[in-house]
Amino acid sequence: MAGYMVYWPQDRVKELQKAGDEGPIKVVFGSVHARMPAITSVKVGDIVFPITLIKKKFYVMARLFVEHREPAYDYLVRELGNSCGALTPEGVDWELYYGTPKKPHLEHQEPFNCCSKWAVWGDGGSKIMPRLLPCELLPGLRFGYPKSKEKGLRFDAKGNIMSNCLCVTRRLSEETLKVFESLFEGENITPVS
């Protein structure tokens, strides 16, 4: 089991708040763009933590234990009733894209860009809400694999996180995974064994 963080831009977080989507989180999408980074390294059994910056502070928005991994197109057709927001495979009937009414769903179940490629999902996700990661812990966070290739976050001259270092899916070190997990202690989420 590995832990990964994926970036949700501030406008995405505002869309979720405006829609009243507090989860529980069911899915995380990956695409070919930095706004929705690729999730090709995430496997079944891993944990994904969407993160964001709000007023230059680092927040972990949710925790999703990955039970399934599939093309975003397949997830969207099955769960939402159409594939809007996914890269459509060649030879697929476009009526599924435009002609099918959507099923009821939460806002986060809809991709926030048009090129979703993969979906990782599960039924035991946490509530979606900002959980502040204390500033004093940020310099100690490490990402990458194996341990010899781990790197930290990058900061500007004022000590703020450089957002461009967040716009990729990053594997958490074992120690960083423990820090992220500590933000969810006491919450009613499916335990990972």
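Novice: Looking at this model, I keep getting lost on the overall build of the protein. Mind explaining?
Specialist: When its secondary structure is counted, the protein shows four helices and nine strands. Start at the N end of the protein and walk to the C end: the helices and strands fall as β-α-β-β-β-β-β-α-α-β-β-β-α. When the 193 residues of the protein are sorted by exposure, 45% land in the buried category. Within the protein, residue pairs in contact and separated by at least 24 positions form 73% of the contacts whose partners lie at least 6 positions apart.

Novice: Please explain the sheet that holds strand 2 (residues 27-31) as it appears in this structure.
Specialist: Pairing is antiparallel across the open sheet formed by three strands, whose spatial order is 2-7-6. Each having just a single partner strand, strand 2 and strand 6 (68-71) make up the two edges of the open sheet. For this sheet the average axis-to-axis angle between neighbouring strands, irrespective of direction, equals 20°. Here five bridges tie strand 2 to strand 7 (residues 116-121), and the two strands are oriented antiparallel to one another. Looking across to strand 7, one finds that F29 is bridged to A119. Against the sheet, helix 2 (residues 72-80) makes contact with strand 2, strand 6 and strand 7, and its axis sits at roughly 100° relative to strand 6, the strand it touches most.

Novice: Help me understand the pairing of strand 4 (residues 57-60), please; the structure alone is not making it clear to me.
Specialist: Where a strand is regular, its side chains alternate between the two sheet faces. When strand 3 (residues 47-54) meets strand 4, the two strands line up antiparallel, connected through four bridges. Looking at strand 4, one finds that L53 is bridged to F58.

Novice: How do you make sense of the packing of aromatic side chains when you look at a structure like this?
Specialist: Centre-to-centre distance and the angle between the planes together describe a pair of aromatic rings. This model, assessed by the stated rule, comprises five aromatic pairs. Relative to F180, the ring of F49 lies with its centre 5.2 Å away and its plane at 75°, an arrangement referred to as edge-to-face. Of this pair, F49 sits in strand 3 while F180 sits in helix 4 (residues 174-182), and the two are 131 residues apart along the sequence. One exposure class covers both F49 and F180, and it is buried. On the numbers, 6.1 Å between centres and 75° between planes, the contact of F58 with F180 is edge-to-face. Separated by 122 residues along the polypeptide, F58 in strand 4 and F180 in helix 4 bring together distant segments of the chain. Exposure class is identical for F58 and F180. Each is buried. Cluster of aromatic residues (ring-pair linked, three or more members): F49, F58, F180 and F184. Between the NZ or CZ atom of R69 and the centre of the ring of W118, over which it lies, the distance is 4.1 Å. Above the plane of the ring of Y145 lies R171, whose end atom (NZ or CZ) is 4.0 Å from the centre.

Analysis parameters
- Residues numbered from 1 in each chain as written.
- Predicted model: local features only at pLDDT ≥ 70, side-chain atom pairs only at ≥ 80, totals over all residues.
- Heavy atoms only, no water.
- Helix = DSSP H or I, 4+ residues; strand = E, 2+ residues; numbered from the N terminus.
- Buried < 20%, exposed > 50% of the residue type's maximum accessible area, 1.4 Å probe, protein only.
- Contact = heavy atoms within 4.5 Å.
- Pairing = 2+ DSSP bridges.
- Axes fitted to C-alpha atoms, helices over the stretch in contact; angles between N-to-C directions.
- Phe/Tyr/Trp six-rings, centres within 6.5 Å; stacked < 30°, edge-to-face > 60°.
- Lys NZ or Arg CZ within 6 Å of the ring centre and 35° of its normal.

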